[in-house]
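Examination of the molecular architecture
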There are 2 protein chains.
Amino acid sequence: MARIAAGLESAFARRGFAVPSVEDLRDAAGVSLRTLYKYAPSRDRMVRIALEHRHRRYLDHVFSDLPMGHEAALDALFERIGLWMERETSHGCLFHAAVAANPDDNELKALLERHKSEVAERAAGATGLSGRKIELMQVIEGLTQSWPLYRERATTGARHLGAALRRAEVPGPFDARTSSPSLT
Amino acid sequence: MARIAAGLESAFARRGFAVPSVEDLRDAAGVSLRTLYKYAPSRDRMVRIALEHRHRRYLDHVFSDLPMGHEAALDALFERIGLWMERETSHGCLFHAAVAANPDDNELKALLERHKSEVAERAAGATGLSGRKIELMQVIEGLTQSWPLYRERATTGARHLGAALRRAEVPGPFDARTSSPSLT
DNA sequence: GCACAAGTAGAACAATCGCTCTACATCGTC
DNA sequence: GACGATGTAGAGCGATTGTTCTACTTGTGC
C-alpha cells in the first residue's frame, strides 16, 4: 500500500495530474490494474492517495529535527525547502498543481488547505513568528513557486526575506500605517 | 480573434487546463468549431492563445499608470495584484497552472518564463528594487499563491514584506553572512 | 495437500476525446 | 443579384480514456 502511494506520488509529481493515464499509474505503482483499483477505486482517489503520501513526506523532510533556536530554525527551514525542491519536484507545489488541474474538486481543495495550514502552524511554531504567520507562509510559497526559475538563488532570497521579516518583527509595531502585530 | 482569446482565457481560468473539452472551449469562445480551429489549429494552441491574452491583460492591469514614487509604486503594485486575484481567478497563477497541468510541454514553460521575467523587470523598475529582484518576485509569487487562502490579508502581508525588504535595502549590505546587494 | 485470499496479465466495455468534414447561411463587393 | 470569403451547425472518425471482468498464478494456514 505504501509502495503504491509512493509510486502514484512520483508519477503525478513527474508528469502532472492531467497527463498520466490509469495504465501509466499502474506501471508507476508497480502492481496490476486490479490491485490498484482495490486500494484506489477511482482515478480521483489515486490523486488523493498520492497527495496524502506527499503531505507526510513533506512534513517529515522539512520539520523533523529542526534546530531549537528561532533564527537557526528559520534558516534551516528555507534550506530544507530548497533541498526538497531540488530533489523532489523541480516545479512548484504539488497540492496547488492538483487543485489547479481540477478546480471544481472540493475534496482536493480541502486537502490543499489542510496541508498549508499544517505547514503554517509548524513553521510559525519553530521560528517564533506566530505573529507573522501569513508573511512567513508567503515567503515559503514564494520560495516554492520561484525555485524552478531561480534555483539556489531562491533559497538565498527567501533567507533574506526571512531575516528582514524577523528584524521587523522584534522591535515593535511592524507598520503603523496598516496594522499592528498584535492584531494580525 | 480577440473575443476568441478572451473566451478561451476565461474558460481555462475558471475550469483549469485539464477539464474543458474542445467543445466546451468552443462554447466559451462563442464561435463554431470550424472557426475555432481556424485560429487555433489544436487544443495546445488554444492554451497558448489564452495565456498570451492573459499576459497582456495582466501587464496592463498591474503596471499601467503606477505612481511615480518608488514607495507608492510598491504599495500600489501589491494592491493591484490583490485586486486582480479577487476579480480574475480566485486561485493561483494561471501560467503556473498551465505548466503544472502539462510539465513536458516546453513551449508552455517558455511562455511561463517570458511572463515572469517581464513581470520581474517591470516590478523592479517601478519600485527601484532592481538589486532585490528575486526577493521582490518571491513576494509577488507569495501573494499570488497565498491569496486564495488569506484573501485581503494576503495583500496586507505582502505590503509588510515589501516594506521590510525596502527598509533592509536602503542602509547597505543586506546580510553580510550570505551575500551583498551589489552581487545579486 | 488443499482451500482461500490476494496477486498478475490483459481482454473488453461504453464513453469521451481531439479533430475533420459536409452541408447550409450570411455577408460585403462588384 | 451573383460571387467568393467567412461564418454556423453538427455528424462522423479513429484513438484513447477510466473502469470492469475473466482467467490464471502464487503464497499461507490448517
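In this section: helix α5 (residues 70–89) of chain B. All names here are of chain B. Here α5 contains 20 residues, and its C-alpha end-to-end distance of 28 Å stays within 8% of the 28 Å for a straight helix at 1.5 Å per residue. Those residues of α5 lying buried are Ala73, Leu74, Ala76, Leu77, Phe78, Arg80, Ile81, Gly82, Trp84, Met85 and Thr89. Looking one or two places after α5, you find Ser90, whose phi comes out positive at around 70°.

The environment of DNA strand D is formed by 14 residues, the closest being Tyr37 and Arg43 of chain A together with Ser32, Thr35 and Lys38 of chain B. Looking at DNA strand D alone, sugar and phosphate atoms form 65% of those within 4 Å of the protein. Here a phosphate oxygen of DNA strand D and a backbone polar atom of Val22 of chain A are 2.9 Å apart. Ser32 of chain B places a side-chain nitrogen or oxygen 2.9 Å from a phosphate oxygen of DNA strand D. Only α3 (33–39) of chain A together with α3 (33–39) of chain B provide two or more residues apiece to the surface near DNA strand D. Looking at the surface near DNA strand D, the element that brings in the most residues is α3 of chain B, giving four residues. Class assignment for the residues of the surface near DNA strand D results in five nonpolar, five polar and four charged.

Inspection of every chain in the model, using the stated rule, returns 25 salt bridges over all chains. The partner of Lys116 of chain A in a salt bridge is Glu141 of chain A, with the nearest N and O atoms 3.3 Å apart. Of this pair, Lys116 of chain A sits in helix α7 (residues 106–127) while Glu141 of chain A sits in helix α8 (residues 133–150), and the two are 25 residues apart along the sequence. Considered together, Lys116 of chain A and Glu141 of chain A belong to a single accessibility category, that of buried residues. For Arg159 of chain B, the salt bridge is made with Asp75 of chain B, and the minimal N-O distance between the two is 3.6 Å. Of this pair, Arg159 of chain B sits in helix α9 (residues 152–169) while Asp75 of chain B is found in helix α5, placing the two residues 84 residues apart along the sequence. It is possible to trace a salt-bridge network through shared partners that takes in Glu9, Arg54, Arg57 and Glu88 of chain A.

All right, on to the packing of helix α1 (residues 2–15) of chain A against helix α2 (residues 22–29) of chain A then. Residue and element names in this part refer to chain A. Contact geometry for α1 and α2: axes closest at 7 Å, N-to-C directions at 125°. When the axes of α1 and α2 are compared, the pair comes out oblique. Classified by chirality, the crossing of α2 by α1 is right-handed. Contacts from Arg3, Ile4, Gly7, Leu8, Ala11, Phe12 and Arg15 of α1 reach α2 at Asp24, Leu25, Ala28 and Ala29.

Considering all chains together, one arrives at four aromatic pairs over all chains under this definition. When the centroid spacing of 4.9 Å and the interplanar angle of 20° are considered together, the rings of Phe12 of chain A and Phe17 of chain A count as stacked. Since its relative accessible area comes to 6%, Phe17 of chain A is described here as buried. Ring centres 5.2 Å apart and planes at 90° place the aromatic pair Tyr58 of chain B and Trp84 of chain B in the edge-to-face group. Separated by 26 residues along the polypeptide, Tyr58 of chain B in helix α4 (residues 43–63) and Trp84 of chain B in helix α5 bring together distant segments of the chain. Trp84 of chain B carries the same exposure label as Tyr58 of chain B, and that label is buried.

The environment of DNA strand C is made up of 15 residues, and the closest members are Ser32, Thr35 and Lys38 of chain A together with Val22 and Arg43 of chain B. Lys38 of chain A places a polar side-chain atom, nitrogen or oxygen, 2.9 Å from a phosphate oxygen of DNA strand C. In the model, a phosphate oxygen of DNA strand C is placed 3.3 Å from a nitrogen or oxygen of the Tyr39 of chain A side chain. Put simply, the parts of the chain that give the surface near DNA strand C at least two residues each are α3 of chain A together with α3 of chain B. The biggest single contributor to the surface near DNA strand C is α3 of chain A, with five residues. Residues belonging to the surface near DNA strand C are distributed by class as follows: six nonpolar, five polar and four charged.

Under the fitted operation, chain B is carried onto chain A by 0.0 Å of movement along the axis and a turn of 180°, and the coordinates agree to an RMSD of 0.0 Å. Put plainly, the chains are arranged around a two-fold axis. It is Gly142 of chain B whose C-alpha, among those of chain B, lies nearest the rotation axis, at 2.1 Å. A shared binding surface is used by both copies, with 100% of the interface residues of chain B retained as interface residues in chain A.

This part is about the interface of chain B and chain A. Of the residues lining the interface, 47 residues belong to chain B; the matching set on chain A comes to 48 residues. Summed over both partners, the interface of chain B with chain A buries about 3900 Å², with 63% contributed by carbon and sulfur atoms. The largest per-residue losses of area from chain B upon contact with chain A belong to Gln138, His160 and Leu161 of chain B, which jointly make up 18% of the total buried on that side. Between chain B and chain A we count zero salt bridges in total. Where chain B meets chain A, there are twelve residue pairs in polar contact (both at pLDDT 80 or more). For the side of chain B that touches chain A, the secondary structure elements donating two or more residues are α1 (2–15), α6 (94–101), α7 (106–127), α8 (133–150) and α9 of chain B. Broken down by element, the residue count for the side of chain B that touches chain A peaks at twelve residues, all from α8 of chain B. Residues belonging to the side of chain B that touches chain A are distributed by class as follows: 21 nonpolar, twelve polar and 14 charged.

Each value, and the rule that gives it
Residues numbered from 1 in each chain as written. Chains lettered and ligands numbered in written order. Predicted model: local features only at pLDDT ≥ 70, side-chain atom pairs only at ≥ 80, totals over all residues. Heavy atoms only, no water. Helix = DSSP H or I, 4+ residues; strand = E, 2+ residues; numbered from the N terminus. Expected span 1.5 Å × (residues − 1). Buried < 20%, exposed > 50% of the residue type's maximum accessible area, 1.4 Å probe, protein only. Near = heavy atom within 4 Å. Polar contact = N/O pair within 3.5 Å; in protein donor to acceptor, adjacent residues only side chain to side chain. Nonpolar A, V, L, I, M, F, W, Y, C, P; charged D, E, K, R; others polar. Salt bridge = Lys/Arg side-chain N within 4 Å of Asp/Glu carboxyl O. Axes fitted to C-alpha atoms, helices over the stretch in contact; angles between N-to-C directions. Parallel < 35°, antiparallel > 145°, perpendicular 65-115°, else oblique. Left-handed = near helix turned anticlockwise from the far one by under 90°. Contact = heavy atoms within 4.5 Å. Phe/Tyr/Trp six-rings, centres within 6.5 Å; stacked < 30°, edge-to-face > 60°. Least-squares fit on C-alpha atoms with pLDDT ≥ 70 in both. Buried area = accessible area lost by both parts, 1.4 Å probe.

As far as function goes, none of this settles anything; it's purely spatial.
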